[in-house]
Amino acid sequence: MLYTSTRNKNIKVSAAKAIAQGISEEGGLFVPCEIPQFSLDKINSMVEMDYITRAKTVLKEYLTDFTEDELDYCVNGAYAASKFSSAKIAPVVNVNGNENILELWHGPTCAFKDMALQLLPYLMTVSAKKTADGKTIVILVATSGDTGKAALEGFKDVENTKILVFYPVNGVSPMQKLQMTTQEGNNVAVCAINGNFDDAQSSVKSIFTNDEIKAELAKKNMMFSSANSINWGRLVPQIVYYFSAYADLIQQGRIALGDEINAVVPTGNFGNILAGYYAKKMGLPIKKLVCASNSNNILTDFLKSGEYDKNRQFYTTTSPSMDILISSNLERLLYHMSGEDDKLVVNLMNSLNDCGRYVITEELMLTIQQIFDAGFCDEASVSNTIHKYEKELNYLCDTHTAVAVQVYENYVAETGDDIPTVIDSTASPYKFSKSVLCAVNGSDDCALDEFETVDELNKVTGVEVPAPLKALKDKQVRFTDVCDKENMSEMVFKLLEL
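Just so it is clear, the structure is predicted and the values come from calculations on it, not from any experiment. (Residues numbered from 1 in each chain as written. Predicted model: local features only at pLDDT ≥ 70, side-chain atom pairs only at ≥ 80, totals over all residues. Heavy atoms only, no water.)

Asker: Even after reading the chapter, I still don't get the overall build of the protein, so can you show me in this structure?
Answerer: From N to C terminus, the protein includes 22 helices and 16 strands. Relative to the 2.2 N^0.38 estimate, which gives 23 Å for 498 residues, the radius of gyration of the protein is 21 Å and therefore close to what a compact globule would have. Expressed as a percentage of its 498 residues, the buried residues of the protein come to 61%. Relative to all contacts within the protein whose residues are 6 or more apart in sequence, the contacts with residues 24 or more apart total 75%. Of the accessible surface of the protein, which amounts to about 18,300 Å², a share of 45% is contributed by carbon and sulfur atoms. Computing the positive centroid from 45 side-chain charges and the negative centroid from 65, the protein places the two 4 Å apart. (Helix = DSSP H or I, 4+ residues; strand = E, 2+ residues; numbered from the N terminus. Rg over C-alpha atoms; globule rule 2.2 N^0.38 Å. Buried < 20%, exposed > 50% of the residue type's maximum accessible area, 1.4 Å probe, protein only. Contact = heavy atoms within 4.5 Å. Areas by Shrake-Rupley, 256 points an atom, 1.4 Å probe, with all protein chains shown as cover. Lys, Arg positive; Asp, Glu negative; His and termini not counted. Charge placed at Lys NZ, Arg CZ, Asp CG, Glu CD.)

Asker: Can you help me understand the state of the cysteines in this one?
Answerer: Covalent bonding between the sulfur atoms of two cysteines is what defines a disulfide. Taken as a whole and judged by the stated rule, the model has zero disulfides. Of the cysteine sulfurs around Cys291, a residue in no disulfide, the closest is that of Cys377, at 13 Å. Judged by its relative accessible area of 0%, Cys291 falls in the buried class. Not engaged in a disulfide, the cysteine Cys397 finds its nearest cysteine sulfur in Cys377; these two sulfurs lie 9.9 Å apart. (Disulfide = S-S within 2.5 Å.)

Asker: For this particular structure, what's the right way to read the pairing of strand 5 (residues 99–103)?
Answerer: Working note: regular strand, side chains alternate between the two faces of the sheet. In terms of burial, strand 5 is largely enclosed, as five of its five residues are buried. Residues Glu99, Ile101 and Glu103 line one face of strand 5 and the alternating positions Asn100 and Leu102 line the opposite face, and both faces are buried. Sheet analysis places strand 5 next to strand 15 (residues 421–425), joined by five bridges and oriented parallel. Following the sheet pairing, Asn100 is matched in strand 15 by Val422. (Pairing = 2+ DSSP bridges.)

Asker: Help me understand the packing of helix 13 (residues 298–305) against helix 16 (residues 362–369) in this model?
Answerer: Two elements in contact, helix 13 and helix 16, have axes whose closest approach is 8 Å; the angle formed by their N-to-C orientations is 110 degrees. One way to sum up the angle between helix 13 and helix 16 is to call them roughly perpendicular. Residues Phe302, Leu303, Lys304 and Ser305 of helix 13 pack against Met365, Ile368 and Gln369 of helix 16. Within the contact of helix 13 with helix 16, the residues separate by chemical class into four nonpolar, two polar and one charged. (Axes fitted to C-alpha atoms, helices over the stretch in contact; angles between N-to-C directions. Parallel < 35°, antiparallel > 145°, perpendicular 65-115°, else oblique. Nonpolar A, V, L, I, M, F, W, Y, C, P; charged D, E, K, R; others polar.)

Asker: Whenever I open this one, the sheet that holds strand 3 (residues 30–32) confuses me. Can you help?
Answerer: Sheets are built from strands paired through backbone hydrogen bonds, the pairs being either parallel or antiparallel. Ordered by their spatial adjacency, three strands build an open sheet running 2-1-3, and the pairing between neighbours is antiparallel. Only two strands of the sheet have a single neighbouring strand rather than two, namely strand 2 (8–13) and strand 3. If you compare each strand with its neighbour and ignore which way they point, the axes differ by 40 degrees on average. For strand 1 (residues 3–5) and strand 2, the ladder comprises two bridges, and the chain directions are antiparallel. In the sheet register, Tyr3 faces strand 2, and the bridge partner there is Val13.

Asker: In this structure, what is going on with empty space enclosed by the protein? I would like to understand it.
Answerer: Unfilled space is identified by rolling a water-sized probe across the atoms. Following the criterion strictly, the structure yields three cavities of 30 Å³ or more and no others. Roughly 230 Å³ of volume is contained in the largest cavity. Lining the largest cavity are 24 residues; nearest its centre among them are Phe112, Lys113, Gly268, Asn269 and Ser321. When contributions to the lining of the largest cavity are tallied by element, the ones reaching two or more residues are helix 7 (146–155), helix 11 (232–251) and helix 12 (271–282). Residue composition of the lining of the largest cavity, by class: seven nonpolar, 14 polar and three charged. (1 Å grid on protein atoms, 1.4 Å probe; cavity = no way out; pocket = protein on both sides within 12 Å on 5 of 7 lines; lining within 4 Å. Points joined across faces, edges and corners; volume = space filled by probe spheres on them.)

Asker: Any chance you could explain the layout of surface pockets here in plain terms?
Answerer: The calculated volume of the largest pocket comes to roughly 520 Å³. Contributing to the lining of the largest pocket are 22 residues, with Arg7, Ser202, Lys205, Met349 and Asn353 lying nearest its centre. Elements that contribute at least two residues to the lining of the largest pocket include exactly helix 9 (197–208), helix 14 (330–337) and helix 15 (342–355). Residue composition of the lining of the largest pocket, grouped by class: seven nonpolar, ten polar and five charged. Roughly 420 Å³ of internal volume is contained in the second largest pocket.

Asker: Help me understand the sheet that holds strand 6 (residues 136–142) in this model?
Answerer: Judged by pairing direction, the sheet is parallel, and its five strands sit side by side in the order 9-6-7-8-16 without closing on themselves. Strand pairing shows two members of the sheet lacking a second neighbour, strand 9 (222–226) and strand 16 (482–484), which therefore form its edges. Pairwise comparison of adjacent strand axes, ignoring direction, gives a mean angle of 30 degrees for this sheet.

Asker: Just to check I follow, could you spell out the environment of Asn394 for this structure?
Answerer: Locating Asn394 in the fold gives a position in the loop between helix 17 (379–393) and helix 18 (399–415). The exposure class of Asn394 is exposed, given its relative accessible area of 64%.

Asker: I would appreciate a short explanation of helix 20 (residues 450–461) in the present structure.
Answerer: Here helix 20 contains twelve residues, and its C-alpha end-to-end distance of 17 Å stays within 8% of the 16 Å for a straight helix at 1.5 Å per residue. Those residues of helix 20 not exposed but buried are Glu450, Phe451, Thr453, Val454, Leu457 and Thr461. End-on, the buried residues of helix 20 take up no more than an arc of 155 degrees, which puts them together on one face. Elements that come into contact with the buried residues of helix 20 comprise helix 8 (174–181), helix 17, helix 19 (433–441) and helix 21 (467–470). With a side-chain oxygen lying 3.1 Å from the backbone nitrogen of Phe451, the N-terminal cap of helix 20 falls on Asp449. Looking one or two places after helix 20, you find Gly462, whose phi comes out positive at around 80 degrees. (Expected span 1.5 Å × (residues − 1). Arc of directions from axis to C-beta. Polar contact = N/O pair within 3.5 Å; in protein donor to acceptor, adjacent residues only side chain to side chain.)

Keep in mind that these numbers describe shape and distance, not what the molecule does.
And the structure:
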């Protein structure tokens, strides 16, 4: 299995090279040159497997330059029972009829990013030994909340790595901020930026492709890589949980082998739903992938119209991990669905960079719409959905999951397509306790501090508080730096003590 770039398909690299490097030299994203195919018999064989074995079954098709022992080391380390609060790792919970919630937040940071970022450090370590000649890998991360903490926790004290995380100063929840700024580890650093996630992400991408900065790092035997979903090693683990969810639905008797399902995914950077696309292309019987957006509904507009335009008002919402106007992984989808037209991708990305917008052809749009649908959910609907599900179905969901649930309900109402559906649940409700508590109580006002809010939400709902979030209460804040987006490269050197 080789990988090429969305902006230059003449490039061919191994999985290890793609993972260690993170992003192609010219700024493109690495994608597999071919997509492995799973028969129904192979999918059926996964039904009785545990999550670790399911993961190995999928990943070995993409990581063909990893030995069996190396893959065992990576997967067994990532999904060890001690790290996850559910023995299923990613359990599927039926909440109502054909509506099934895929809980992806039982890992150490209580967000779906753990599903990939517990594995990525292992993949990175093995890949670096194969390709990086003993260099120290500097993991550079822009985060809208969950990726930052999950990456910090995953790479904490990993040999021959350093990790730097940048987050929007007013764009994460208090719990997310506390998780990052109290992070332990001798190789970690965190800095807020005056700006939003898109500002942080754009600056990170420009630093990655800056030859002068890369040359300075090379003098110190260092190289950049990424833990954002622009890195294939971040994306490929997410394919696994779609297969796992399908196998669980068979095991639960909710579907039979070969039955189609739909998947509804709350997404801002398009990585989580793109993993579902890869699963579908591999042979998993997914009928529709429904993209769920919050008030920053740029993806919904694109999937309905074919026009991507980031020149619009930016909203800071109660689902901050989706407060994104530049969805990086859409580039991969455009490459695949345009027939691997790298020149088209270059033109579209240049237009986005220069003008903040691009428009695709009607033919390409119709091709995408055969697989994807989309909807969005405003702030009032998020709150109403959390309230309704807790009161009527005794299920407490976070703000991002509420977006997906409401979009699912709207989709069924509009289309009548109510086949068994998996809805990705991306975070513990306690990561956004103030918003969730206000929604449950039907109030807009919550004067309690963060941990008083957590205690009250537990008291009102009876839902257990995850141990990793409880443990934050008395942890000391380590990182207080704030910089402007224009000064991020200087901050990188400062944090690396160069």
